[in-house]
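Structure at a glance
Okay, here's what each chain looks like letter by letter:
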Amino acid sequence: MQLSPLTLRFIETHPGSAAAVLEKAPRADQAALVAALPPAVAARLIACLLPTVAAHCLKTIDPDAAAALVHRMPVDTAAALLGRLEENRRKQIVGRLKPASALPLRLLLRYPTGSVGSIVNPAAMTVRRQMRAGEVARRARRARRQLRKYLYVLDDEQRLIGTVDARACLLAGRDTEVDALMQTDPIALRARSSLVEIRDHAAWGRFDLLPVVDRSKHFLGVVRRADVAGALGLDAGQRDAGLADTLVSLADLYWQAMAALLAGAGGQVGENQHDQ
């Protein structure tokens, strides 16, 4: 892919804006553009992309090119993205780094057995606060395997800053910004916490799954209550004691939203996350 000097300059000076544009492009074009950039520019751009898009690029481009990007990224940001890749691909990239860069990454990626980080599922839909409801709905159609009752709102450094009830996006006008719908200060688990420590977390009485963050609040994914119980070897009755799995379809959300309107509850669909 050939890039004009003007395009390159724009990406270099405005990586956040460039990321917002690139996120709307087809997946193949996203990876191709990242691969065509000088490593220093690509690293700044990929750090601004939504984690799902950034991880796809790292998964798709040449391993040497991916390592060159990771080398230029903050270690915690790089670890959060590499944690979304399959183990073999992650080893390919980290194995190409110099020891000084590889060591801190390996330490961050090595969540011990029995920790929340060891069972985290990165497949959760993330959005930005400035996105509009119409764009979120389009993304949901393309990321159905990641769609759950709640969407997770990240800032430009991939830190978790809020949640949005997916139904609220269906009921809101297409130009309504996520910022107007999201609930701030979401409950989140720390990746380094032990499973025993969070097994009886009070939030499990209201949620079937919870977001997981690292010590810098970078979003890593979600953990289901049933998976915590399973990892701890609890019996089937205890594993099933939580709420229904929150993996949902667009059709489910649509009918939930319509039911809320018919019941006169349209004003309540954006309820606080703590009231799930």
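The following paragraphs examine the structure supplied in this document. The structure presented is a predicted model; accordingly, all values stated were derived computationally and were not measured. (Residues numbered from 1 in each chain as written. Predicted model: local features only at pLDDT ≥ 70, side-chain atom pairs only at ≥ 80, totals over all residues. Heavy atoms only, no water.)

**Considerations on the environment of T184**
By the secondary structure assignment, T184 is in strand β4 (residues 183-184). Looking at T184, the relative accessible area reads 46%, which means it is partly exposed. Separated by 31 residues in sequence, T184 and V153 have C-alpha atoms that sit 9.0 Å apart. Not counting residues within four places of it along the chain, the set of residues in contact with T184 comprises I161 and G162. (Helix = DSSP H or I, 4+ residues; strand = E, 2+ residues; numbered from the N terminus. Buried < 20%, exposed > 50% of the residue type's maximum accessible area, 1.4 Å probe, protein only. Contact = heavy atoms within 4.5 Å.)

**A few points about the side chain of D155**
When you line up the elements, D155 lands in the loop between β2 (150-154) and β3 (160-165). In this structure the side chain of D155 is engaged in a polar contact, spanning 2.9 Å, whose partner is the backbone nitrogen of E157. Once you skip the residues sitting within four places of it in the chain, D155 turns out to touch R128 and I161. (Polar contact = N/O pair within 3.5 Å; in protein donor to acceptor, adjacent residues only side chain to side chain.)

**Re the sheet that holds β3**
Strands belonging to one sheet form pairs held by backbone hydrogen bonds; the direction of such a pair is parallel or antiparallel. An order of β1-β2-β3-β4 is seen for the four strands of this open sheet, with the pairing classed as mixed. Each edge of the open sheet is held by one strand with a lone partner, namely β1 (126-128) and β4. Of the strand pairs in this sheet, β3 and β4 are connected by two bridges, and their pairing is antiparallel. Its bridge partner being in β4, G162 is matched across the sheet by T184. (Pairing = 2+ DSSP bridges.)

**Some details on the pairing of strand β6 (residues 209-213)**
Along β6, five of the five residues are buried, which leaves the element largely enclosed by surrounding structure. As judged from the two bridges shared by strand β5 (residues 189-190) and β6, these two strands associate in the parallel manner. Within the sheet, the bridge partner assigned to L189 lies in β6 and is V212. Here five bridges tie β6 to strand β7 (residues 219-224), and the two strands are oriented antiparallel to one another. Its bridge partner being in β7, P211 is matched across the sheet by V222. Hairpin geometry of β6 and β7 is characterised by an intervening segment of five residues between the two adjacent antiparallel strands and by a positive phi of about 70° at K217.

**Some details on the pairing of β3**
Counting buried residues along β3, five of its six residues qualify, which places the element largely inside the surrounding structure. Pairing of β2 with β3, which is carried by five bridges, proceeds in the antiparallel orientation. Each residue of the ladder has a partner; that of Y152, found in β3, is T163. Between β2 and β3, which pair antiparallel one after the other, the connecting turn spans five residues, and Q158 there sits at a positive phi close to 65°.

**Thoughts on the sheet that holds β7**
Across the sheet, which stays open at both edges, the three strands sit in the order β5-β6-β7 with mixed pairing between neighbours. Looking at strand neighbours, the two that pair on one side only are β5 and β7, the edges of this open sheet.

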